[in-house]
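If you want the building blocks of each chain, they are given just below.
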Amino acid sequence: MEKNWVKKFLWDYMIVQFQVTLSIGVVGTLFARDVAIDFRYFFLPLVLGVIYMLPCLPLYFKEDMTVIQVWLQRVVELILIEAGTQWAVRLVFDDRMPKFVYVVLIFSVLIFDILTYVIRDYLEIKEVDELNEKLSSMTVEE
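**Side note on the overall build of the protein**
Next up, step 1: Along the protein, the regular secondary structure elements total five helices and zero strands.
Next up, step 2: For the protein, the α and β elements follow one another from N to C terminus as α-α-α-α-α.
Next up, step 3: In terms of C-alpha radius of gyration, the protein reaches 19 Å, well past the compact-globule figure of 14 Å for 142 residues.
Next up, step 4: Dimensions of the protein, computed from C-alpha atoms along their principal axes, come out at roughly 70 × 30 × 25 Å.
Next up, step 5: Burial statistics for the protein: of 142 residues in total, 31% are counted as buried.
Next up, step 6: Taking the contacts inside the protein whose residues are at least 6 apart along the sequence as the reference set, 81% of them involve residues at least 24 apart.
Next up, step 7: On the protein, roughly 9,900 Å² of surface is accessible, and the fraction owed to carbon and sulfur atoms is 71%.
Next up, step 8: Within the protein, one finds 13 positive and 19 negative side-chain charges whose respective centroids are separated by 7 Å.

Put into structure tokens, the structure is as follows:
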């Protein structure tokens, strides 16, 4: 088990929260400006974030996953996020949203999901490159 799994889990949880909140915020801003929602829905993303993170648990407890396993985990995570976000919008806005908004929401979640993975992968590659540079400079000095 990875020793920093709690830190990684919390970081991923916050990223998923940001991603879903941004998706719902963009769609809500564009298509639901006049809709008033109840204050109790403010905490809905916090609860959904925990549910969305369930497919991520293997990432924290299994040290060596194959590429296929990682892709499978990401697809299951995306499907869960899409379904949960659709449910949340339906719960919050009832039937006040036109049907095409749900299609727009699918693409919004997909775009933000891909964007967060691209940014995360870029930052991890950058970190690995920096570590490799430090290691290579240490071996040259010796």
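**Considerations on the packing of aromatic side chains**
Next up, step 1: This structure, assessed with the given rule, holds zero aromatic pairs.
Next up, step 2: Geometry around Tyr 102 places Arg 90 over its ring, the cationic atom sitting 4.6 Å from the centre.

**Notes on the packing of helix α2 (residues 44-52) against helix α4 (residues 67-93)**
Next up, step 1: Orientation of α2 relative to α4, taken along the N-to-C sense of each, is 155°, at an axis distance of 10 Å. It follows from the interaxial angle that α2 and α4 lie roughly antiparallel. Read as a crossing pair, α2 and α4 show a hand that is right-handed. Residues Leu 44, Leu 48, Ile 51 and Tyr 52 of α2 pack against Glu 77, Leu 80, Ile 81, Gly 84, Thr 85, Trp 87, Ala 88, Leu 91 and Val 92 of α4.
Next up, step 2: Here the residues of the contact of α2 with α4 sort into 10 nonpolar, two polar and one charged.

**Quick word on α2**
Next up, step 1: Among the residues making up α2, those that are buried are Leu 44, Leu 48, Gly 49 and Tyr 52. Looking straight down α2, one finds that the buried residues subtend no more than 130° of arc, so they occupy a single side.
Next up, step 2: Summarising the contacts, the buried residues of α2 are in contact with α1 (5-31) and α4.

**Some remarks on the confidence of the model for the protein**
Next up, step 1: Of all residues in the protein, 94% have pLDDT values of 70 or greater, and the mean over the chain is 81.
Next up, step 2: Mean pLDDT values for the elements of the protein range from 76 in helix α3 (residues 57-61) up to 86 in α4.

**Considerations on α1**
Next up, step 1: The end-to-end C-alpha distance of α1 is 38 Å, a good match for the 39 Å that 27 residues give at a rise of 1.5 Å each.
Next up, step 2: Along α1, the residues that are buried comprise Asp 12, Tyr 13, Ile 15, Val 16, Gln 17, Gln 19, Val 20, Ser 23, Val 27 and Gly 28.

**Some words on the side chain of Thr 85**
Next up, step 1: Inspection of the secondary structure puts Thr 85 in helix α4.
Next up, step 2: Ignoring sequence-local partners within four residues, the contact set of Thr 85 consists of Val 20, Ile 24, Tyr 52, Leu 105 and Val 109.

**Notes on the environment of Asp 95**
Next up, step 1: Counting through the fold element by element, Asp 95 comes out in the loop between α4 and α5 (99-141).
Next up, step 2: Classification of Asp 95 as exposed rests on a relative accessible area of 66%.
Next up, step 3: Sequence spacing of Asp 95 and Leu 131 is 36 residues, and the spatial spacing of their C-alpha atoms is 52 Å.

**A short note on the side chain of Gln 17**
Next up, step 1: Relative to the assigned elements, Gln 17 resides in helix α1.
Next up, step 2: Apart from residues lying up to four places away in sequence, Gln 17 is in contact with Pro 45, Leu 46 and Gly 49.

The rules behind each value
- Residues numbered from 1 in each chain as written.
- Predicted model: local features only at pLDDT ≥ 70, side-chain atom pairs only at ≥ 80, totals over all residues.
- Heavy atoms only, no water.
- Helix = DSSP H or I, 4+ residues; strand = E, 2+ residues; numbered from the N terminus.
- Rg over C-alpha atoms; globule rule 2.2 N^0.38 Å.
- Buried < 20%, exposed > 50% of the residue type's maximum accessible area, 1.4 Å probe, protein only.
- Contact = heavy atoms within 4.5 Å.
- Areas by Shrake-Rupley, 256 points an atom, 1.4 Å probe, with all protein chains shown as cover.
- Lys, Arg positive; Asp, Glu negative; His and termini not counted.
- Charge placed at Lys NZ, Arg CZ, Asp CG, Glu CD.
- Phe/Tyr/Trp six-rings, centres within 6.5 Å; stacked < 30°, edge-to-face > 60°.
- Lys NZ or Arg CZ within 6 Å of the ring centre and 35° of its normal.
- Axes fitted to C-alpha atoms, helices over the stretch in contact; angles between N-to-C directions.
- Parallel < 35°, antiparallel > 145°, perpendicular 65-115°, else oblique.
- Left-handed = near helix turned anticlockwise from the far one by under 90°.
- Nonpolar A, V, L, I, M, F, W, Y, C, P; charged D, E, K, R; others polar.
- Arc of directions from axis to C-beta.
- pLDDT = per-residue confidence, 0-100.
- Expected span 1.5 Å × (residues − 1).

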